[in-house]
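Structural overview
Listed here are the chains, written in short residue letters.
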Amino acid sequence: MLKCMEVNSKYMRLPAGKVAGLEAMTDFYRRIASQSLDCAQAWVKDSPCPDHEPATDAFTWGVVAWSDAFGLSMGVDMAEWSRLFVSPHHEFACYIKPLEDPEPLPDVDGSPADIILKLDALWMELVIKLTSQWGLFHHLKDKGALLEAQRVGGELRNPGSPAYKAFLESDLTFFHHLFKSFPFSEKTRKHINAWLKKAEEAL
Ligand SMILES: [Zn+2]
């Protein structure tokens, strides 16, 4: 999980600098990714969770919902996926902010590339929603980032948009590094790789 947070802060799920008008969102993600990394470092040491913003809670719980939806969409063995991938994210989210259960993302359809980007958009929207819910007025300082996220969410649902390609490219790099740190079975690993390969064809 610590590795996962390191990947998160190193390869942001954001094509930084490649899509104009995402500057505030990029700063926001950087800040949240660095806070999550601090919290993850404390978590592996069994220390109390360091101070972090409500947006970090929202981000982390958003990832839990996303990880479940992503496994379902890829069609992997969900028992294995839940145990190896969703559970560690869920445990970490509970450490960051104790909560019953995450709000699930809606089902999506389409090609693997479409699915990746629709889930990105839904995940970002959930993060925005939870940030405003938990942050009260705190999130106002991130208004610029939230507006950018809302705007780009629309573009990600349009396969012809420059944002679609830029996000897909950065997501595929991110997934490659992310999934490497999880001990999936050979069968699941092959399934994931074949599915991501199909998504790559849309580039
Ligand atoms: Zn913390």
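Cut-offs and rules
- Starting from 1, residues in each chain are numbered consecutively following that chain's sequence as written.
- Residues qualify for local features only when their pLDDT is at least 70, as the model is predicted, and side-chain atom pairs are given and counted only at 80 or more; totals for whole chains, interfaces and linings, by contrast, use all residues.
- Note that the side-chain values use all heavy atoms of the structure and ignore hydrogens as well as water.
- Classification of ring pairs rests on two measures: the distance between centres of Phe, Tyr or Trp rings, Trp counted by its six-membered ring, which must be within 6.5 Å, and the angle between planes, read as stacked under 30 degrees, edge-to-face over 60 and tilted in between.
- In this description a helix means any DSSP run of H or I spanning at least four residues, a strand means any run of E spanning at least two, and both kinds are numbered starting from the N terminus.
- Only protein chains enter the accessibility calculation, which uses a 1.4 Å probe; a residue is then buried when its area is under 20% of its type maximum, exposed when over 50%, and partly exposed in between.
- A positively charged side chain is recorded as over a ring if its NZ (Lys) or CZ (Arg) lies within 6 Å of the ring centre. The angle to the ring normal must also be within 35 degrees.
- Only nitrogen, oxygen and sulfur atoms qualify as donors, provided they sit within 2.8 Å of the metal or within 3.2 Å for Na, K and Ca; with water excluded from the atoms, sites may seem incomplete.
- The geometry test gives tetrahedral to four donors whose angles all lie between 85 and 135 degrees, gives square planar to four donors and octahedral to six donors whose opposite members are over 155 degrees apart with all other angles between 65 and 115, and gives irregular to the rest.

Looking now at the packing of aromatic side chains. In total, this model carries 23 aromatic pairs according to the counting rule given. Relative to Phe70, the ring of Trp66 has its centre 4.8 Å away and its plane inclined at 25°; by these criteria the two rings are stacked. Placement of the pair is Trp66 and Phe70 together in helix H3 (residues 54-74), with a separation of four residues, close to one helical turn. Residue class for Trp66 comes out buried when judged on its relative accessible area of 1%. Ring centres 4.7 Å apart and planes at 65° place the aromatic pair Phe85 and Phe182 in the edge-to-face group. Placement of the pair is Phe85 in helix H4 (residues 78-96) and Phe182 in the loop between helix H7 (162-180) and helix H8 (186-200), with a sequence separation of 97 residues. One aromatic cluster is present, formed by Trp66, Phe70, Trp81, Phe85, Phe174, Phe175, Phe179, Phe182, Phe184 and Trp195 through successive ring pairs. Seen from the ring of Trp134, Lys97 lies directly overhead, with NZ or CZ sitting 4.6 Å from the centre.

Bringing the coordination of the zinc ion into the picture now. The zinc ion binds to the protein through Cys39 (SG), Cys49 (SG), Pro50 (O) and His52 (ND1); the donor distances cover 2.0 to 2.3 Å. For the zinc ion, the four donor atoms in the first shell make angles of 93 to 122° at the metal, a pattern classed as tetrahedral. Mapping the donors of the zinc ion onto the primary sequence yields the spacing C-x9-C-P-x1-H. In this structure Pro50 comes out as partly exposed when scored by relative accessible area, which is 29%.

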